[in-house]
Amino acid sequence: MGLRSLFRKRRTTDGTAEATPAEASPEPLTAEQLVELEAAWAELTAAAQASEVTNFSACTRNGRSWTENAATVRAVAATLRELPAMEDQTPK
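Please read these numbers as outputs of a predicted model, since none were measured by experiment.

Thresholds applied
Residues numbered from 1 in each chain as written. Predicted model: local features only at pLDDT ≥ 70, side-chain atom pairs only at ≥ 80, totals over all residues. Heavy atoms only, no water. Core = buried A, V, L, I, M, F, W, Y, C linked by side-chain atoms within 4.5 Å. Buried < 20%, exposed > 50% of the residue type's maximum accessible area, 1.4 Å probe, protein only. Helix = DSSP H or I, 4+ residues; strand = E, 2+ residues; numbered from the N terminus. Contact = heavy atoms within 4.5 Å. Phe/Tyr/Trp six-rings, centres within 6.5 Å; stacked < 30°, edge-to-face > 60°. Salt bridge = Lys/Arg side-chain N within 4 Å of Asp/Glu carboxyl O. Expected span 1.5 Å × (residues − 1). Arc of directions from axis to C-beta. Polar contact = N/O pair within 3.5 Å; in protein donor to acceptor, adjacent residues only side chain to side chain.

Q: Please provide a residue-by-residue account of the nonpolar core, values included.
A: Ranked by size, the top nonpolar core spans 11 residues in total: L37, A40, L44, A47, A48, W66, A70, V73, V76, A77 and L80. Residue assignment for this core shows that the elements contributing at least two residues are α2 (31–51) and α3 (70–82). Here A47 is in contact with A77, L80 and R81, once residues within four sequence places are set aside.

Q: Before we move on, can you summarise the packing of aromatic side chains with the specific residues and values?
A: Inspection of the entire model under this criterion finds one aromatic pair. Each ring, one from W41 and one from W66, has its centre 5.7 Å from the other, and the planes form 35 degrees; the classification is tilted. Remark: W66 occurs in the loop between α2 and α3 and W41 occurs in helix α2; sequence separation between them is 25 residues. For W66, a relative accessible area of 13% corresponds to the buried category.

Q: Lay out the pattern of salt bridges in plain terms, naming residues and giving numbers.
A: Under the defined criterion, the tally for this structure stands at three salt bridges. R81 is the partner of E43 in a salt bridge, and the nearest nitrogen-oxygen pair spans 3.6 Å. Here E43, found in helix α2, pairs with R81, found in helix α3; they are 38 residues apart in sequence, far enough to count as distant. Residue E43 is classed as partly exposed on the basis of its relative accessible area of 30%. Take R81: its relative accessible area is 49%, and that puts it in the partly exposed class. Three or more residues are tied together by salt bridges with common partners; here these are E36, E43, R74 and R81.

Q: Tell me about α2, residues and numbers included.
A: With 21 residues, α2 extends 30 Å between its outermost C-alpha atoms, agreeing within 8% with the 30 Å of an ideal straight helix rising 1.5 Å per residue. When we look at burial in α2, the residues that qualify are L37, A40, L44, A47, A48 and S51. Buried residues in α2, looked at end-on, bunch into an arc of 95 degrees, giving them a common side. Across from the buried face of α2, at angles greater than 90 degrees, the exposed residues are A31, V35, E38, Q49 and A50. After α2 finishes, the residue E52 shows a positive phi value of roughly 65 degrees.

Q: Hey, could you go over α3 for me, with residue numbers and the actual values?
A: Its 13 residues give α3 an end-to-end C-alpha distance of 19 Å, which sits within 8% of 18 Å, the value for a rise of 1.5 Å per residue. Listed in full, the buried residues belonging to α3 are A70, V73, V76, A77 and L80. Along the axis of α3, the buried residues cluster in a sector spanning 125 degrees; they form a single face. Among the exposed residues of α3, those oriented more than 90 degrees off its buried face are A71 and E82. On the buried face of α3, the contacting elements are α2. Sitting at the head of α3, N69 places a side-chain oxygen 3.0 Å from the backbone nitrogen of A71.

Structure below.
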């Protein structure tokens, strides 16, 4: 199995192309999910400012962006809160 086969559409038994998980369009978020997501982003913003982090990146495993999942955003915020403050670290 070559690397190229990972990025191709699969053929179903009836001959039509099947979308891979990354190509499938995600369902739109409900109003409740949007409110929860906004609250999670507020937590992440506060955690990032408190930790003095200027940049970070994250990825997903299920084809949907991590930025659209409130639980994932909160997990990133919790990780940032655990980082030691820059002033606590003394150069050796």
